[in-house]
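Summary of the model geometry
Now for the letters of each chain:
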Amino acid sequence: MPVLPIVRLGHPALRTPAEPVVPARVVERAFQRLIDDMIETMRAAEGVGLAAPQVGFGLQLFVYEALEAEDPARAVPAIPAIPLRAVVNPMVEPLSGEQIFDWEGCLSIPDLRGLVPRHPSVRLRGVDRHGHLEERVVEGFEARIVQHEYDHLNCVLFLDRMSDLKSLAFVDEWQEFLHDAADDGPRSKAE
């Protein structure tokens, strides 16, 4: 499986709405290969999510996964394990609860982090990689990843969601000055 090039901020694929995928196409070999290539690309880039527009495909598809990772500044894991998922033609419905600010990055905007408000839980509907309808409620960090990737399908970048650009920082500066000052520890993986 090849690692695909990830497009960066300024590439038109990031600002073009993704097209729905015809359900019968999901199980086709070429589409399955795209899913596998996206997973390999996400893992190679050490991200927790990747949307098809980020690799130049204008399709309503994203993949995500998080391995449990510890933050050395804290005694508990900072990122919980989230199983690998591929979601086609997703719909995301925010559930009750006030939005929560946390740190985000993006593989298409390398080396930057910012505080982004997101819903703490959402209902995710879509088709899995086997063509089966799926509906789940996701919470916490998984909900943040889902919302981030869903935004990519609708031409929205995490920068667009930031209410105050004063928190925008380069990763090295963020690690030195902002990481320890964040409430409850920031996330450091790119989505």
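Whatever comes next refers back to the structure up there.
Residues numbered from 1 in each chain as written. Predicted model: local features only at pLDDT ≥ 70, side-chain atom pairs only at ≥ 80, totals over all residues. Heavy atoms only, no water.

1. Points about the pairing of strand S9 (residues 133-139)
We count it as follows: Any two strands between which DSSP finds at least two bridges are classified as paired. Helix and strand labels come from DSSP, where a helix needs a run of H or I of at least four residues and a strand needs a run of E of at least two; each type is numbered from the N terminus.
As defined by bridge partners, strand S8 (residues 121-127) adjoins S9 across 7 bridges and the pair is classed as antiparallel. Bridging across to S9, Arg123 finds its partner in Val137. Counting the residues that bridge the hairpin from S8 to S9 gives 5 residues, and of these Gly131 lies at a positive phi of roughly 85°.

2. Quick word on unusual backbone geometry
Put simply, the rule reads: A simple rule labels every residue: compare its accessible area, found with a 1.4 Å probe on the protein chains alone, to the largest value its type can have, and call it buried under 20%, exposed over 50%, or partly exposed in between.
Its identity as a non-glycine residue notwithstanding, Glu46 has a phi of 60°, on the positive side. Along the chain, Glu46 falls in the loop between helix H1 (29-44) and strand S1 (49-51). Residue Glu46 is classed as exposed on the basis of its relative accessible area of 57%. Not every positive phi belongs to a glycine, and Cys155 is a case in point at roughly 70°. Structurally, Cys155 can be placed in the loop between helix H2 (140-153) and helix H3 (158-161).

3. Observations regarding the nonpolar core
The cut-off we apply is this: To define a nonpolar core, start from buried Ala, Val, Leu, Ile, Met, Phe, Trp, Tyr and Cys residues and group those joined through side-chain atoms within 4.5 Å. The contact criterion used is simple: two residues touch if any of their non-hydrogen atoms lie within 4.5 Å.
In this structure, Phe31, Ile35, Met38, Leu50, Leu61, Val63 and Val88 are the most contacted members of the largest nonpolar core, which totals 19 residues. Residue assignment for this core shows that the elements contributing at least two residues are H1, strand S2 (61-66) and strand S5 (82-94). For this core, the element with the most residues is H1, which contributes 6 residues. Apart from the residues within four sequence positions on either side, Val63 is in contact with Ile35, Met38, Ile39, Met42, Val48, Gly49, Leu50, Arg85, Ala86 and Glu149.

4. What to know about the pattern of salt bridges
Pairs can form between side chains of opposite charge whenever their charged atoms are close. Rules: Salt bridges are identified by distance alone: a Lys or Arg side-chain nitrogen within 4 Å of an Asp or Glu carboxyl oxygen.
Here the structure, examined in full by the defined rule, presents 14 salt bridges. Linking Glu134 and Arg85 is a salt bridge whose minimum nitrogen-to-oxygen distance equals 4.0 Å. Pair noted here: Glu134 is in strand S9 and Arg85 is in strand S5, with a separation of 49 residues, a long-range link. Close ionic contact of Asp151 with Arg161 constitutes a salt bridge, the shortest N to O distance being 2.8 Å. Taken together, the residues span a long stretch of sequence, with Asp151 in helix H2 and Arg161 in helix H3 at a distance of 10 residues. Overall, Asp151 belongs to the buried group, its relative accessible area being 6%. Judged by its relative accessible area of 39%, Arg161 is partly exposed.

5. Considerations on the pairing of strand S7 (residues 109-118)
Taking burial as the measure, the 10 residues of S7 include 7 buried ones, the bulk of the element. Bridge count for strand S6 (residues 100-106) against S7 is 6 bridges, and the pairing is antiparallel. Looking at the pairing, Trp103 lines up with Leu115 of S7. Connecting S6 to the next strand, S7, in antiparallel fashion are 2 residues. Pairing analysis gives 2 bridges linking S7 to strand S10 (residues 169-170), with the strands arranged antiparallel.

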